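What the coordinates show
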Amino acid sequence: TLAASIHDLHKQYVLGGETVHALRGVSFDVPEGDYVSIMGPSGSGKSTLLNLLGCLDTPTSGNFFLGDLDVAKIDDDQRAEVRSTLIGFVFQSFYLLPALTVVENIEVPLLYSGRLTKESRERAISLAEQVGLGSRLEHRPTQLSGGQQQRVAIARSLVNDPRFLLADEPTGNLDSSTTAEILALLDALNREGRTILMVTHEPEVADHTKRKIVLRDGQVQIDERLRG
Ligand code: ADP
Ligand code: ADP
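Residues numbered from 1 in each chain as written. Chains lettered and ligands numbered in written order. Predicted model: local features only at pLDDT ≥ 70, side-chain atom pairs only at ≥ 80, totals over all residues. Heavy atoms only, no water.

Looking at an unreviewed UniProt entry, one finds the chain named ABC transporter ATP-binding protein, with Aeoliella mucimassa as its source organism. Quoted verbatim from the Sequence similarities (unreviewed entry) heading of the UniProt record, the comment on the chain is "Belongs to the ABC transporter superfamily. Macrolide exporter (TC 3.A.1.122) family." (UniProt positions renumbered as here; feature names shortened; annotations may be inferred.)

Quick look at the structure:
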């Protein structure tokens, strides 16, 4: 199993002469298979926390254990390796490459991590099928609905078979019925055993997960288990 554990995480940004204390001692454990929503007002530190959990940035102080490895202490190359092997990302605005087809978009992380092989195409097709886009393999993003584009982004996030899926407002640009479809897909990925952490502003989306963490002024205000 691969649990994540963060302890007394601080993050300060220095901007011009000013210091912004974005995270002020955040601690929690995430057992493998958890499904966590992260809420809180704008500026409370949600994006900062997600960026740290995703190994996109390093904390000013504190620990972040993935299993036995403290990723707060490793160098940039190791962090890039952790990011590409253990972590998948999904964003509010999809970030698909418009010139590429569905299948090619799904392959993009393999290209970046130097893992593109002759089996990649099969893997990308199988992921497209898993997210319900088996009949859209050669479409380009502009030919797809928002929900379909987010499905492509979810398939892309899975291409390196990550144990952790981090999502920043994944349903923020979707209407309520499309939101329900995307949540059903995330639920299924969680049931397969993937650990999911998702930033959301929508209470109905948060209520869907197993655990709700609310940040306020860079600290954990609420950490509530909703279901097993
Ligand atoms: P949220 O995602 O909850 O809106 P953020 O993590 O984006 O919160 O921001 C927390 C605080 O840190 C805010 O005051 C924000 O302006 C500041 N902040 C975030 N990212 C940066 C950055 N790259 N440089 C400077 N300040 C930042
Ligand atoms: P949200 O809260 O919807 O995620 P934000 O506006 O807080 O959006 O942040 C968007 C991006 O801009 C984040 O990656 C964050 O780190 C960065 N950011 C936020 N505040 C600042 C800031 N004051 N200076 C530089 N970058 C910032």
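Now that the structure has been shown, we can carry on.
Okay, the environment of E181 next. With respect to the secondary-structure elements, E181 resides in helix 6 (residues 176-191). Between the alpha carbons of E181 and R151 there is a distance of 9.4 Å; along the sequence they are 30 residues apart. (Helix = DSSP H or I, 4+ residues; strand = E, 2+ residues; numbered from the N terminus.)

As a further point, take the sheet that holds strand 2 (residues 18-30). The sheet built from 4 strands is open, its strands ordered 2-1-4-5 with antiparallel pairing. With partners counted over all chains shown, the strands left at the sheet margins are strand 2 and strand 5 (69-70), one partner each. Bridging between strand 1 (residues 4-15) and strand 4 (residues 61-66) involves 5 bridges; their strand directions are antiparallel. Counted as the bridge partner of I6 is F64 from strand 4. (Pairing = 2+ DSSP bridges.)

In the UniProt entry, the feature "domain: ABC transporter" (unreviewed entry) is given for residues 4-228. Summarising residues 4-228: 33% helix, 29% strand, and an end-to-end C-alpha distance of 17 Å.

In the vicinity of ligand 1, the contacting residues are Y13, L15, V20, A22, P41, S42, G43, S44, G45, K46, S47 and T48. Between a nitrogen atom of ligand 1 and a side-chain N or O atom of Y13, the distance comes to 3.5 Å. At 3.0 Å from an oxygen atom of ligand 1 is found a main-chain nitrogen or oxygen belonging to G45. In isolation ligand 1 has 560 Å² of accessible area, and contact with the protein removes 63% of it. Of all elements in the fold, only strand 1, strand 2 and helix 1 (46-53) reach the threshold of two or more residues within the shell around ligand 1. (Near = heavy atom within 4 Å. Polar contact = N/O pair within 3.5 Å; in protein donor to acceptor, adjacent residues only side chain to side chain. Areas by Shrake-Rupley, 256 points an atom, 1.4 Å probe, with all protein chains shown as cover.)

Let us now look at the nonpolar core. The nonpolar side chains of a soluble globular protein tend to be buried, and buried together. Core analysis: the biggest nonpolar cluster contains 32 residues, and I106, V152, I154, L186, L189 and M198 have the highest contact counts within it. When residues of this core are traced back to their parent elements, those giving at least two are helix 3 (102-112), helix 4 (120-130), helix 5 (146-157), strand 7 (164-168), helix 6 and strand 8 (195-199). Broken down by element, this core gets its largest block of residues, 5 residues, from helix 6. When near neighbours in sequence (up to four residues on either side) are disregarded, L189 contacts Q130, I154, L158, L165, R194 and I196. Core analysis: the next-biggest nonpolar cluster, separate from the first, contains 30 residues, L9, A72, F164 and I213 among them. (Core = buried A, V, L, I, M, F, W, Y, C linked by side-chain atoms within 4.5 Å. Buried < 20%, exposed > 50% of the residue type's maximum accessible area, 1.4 Å probe, protein only. Contact = heavy atoms within 4.5 Å.)

This brings us to the packing of helix 3 against helix 4. Where helix 3 contacts helix 4, the two axes come as close as 9 Å, and the packing angle between them is 120°. It follows from the interaxial angle that helix 3 and helix 4 lie oblique. The way helix 3 lies across helix 4 gives a crossing that is right-handed. Along the contact surface, helix 3 presents V102, V103, E104, I106, E107 and L110, while helix 4 presents S120, R121, A124, I125, L127 and A128. Residue composition of the contact of helix 3 with helix 4, by class: 8 nonpolar, 1 polar and 3 charged. (Axes fitted to C-alpha atoms, helices over the stretch in contact; angles between N-to-C directions. Parallel < 35°, antiparallel > 145°, perpendicular 65-115°, else oblique. Left-handed = near helix turned anticlockwise from the far one by under 90°. Nonpolar A, V, L, I, M, F, W, Y, C, P; charged D, E, K, R; others polar.)

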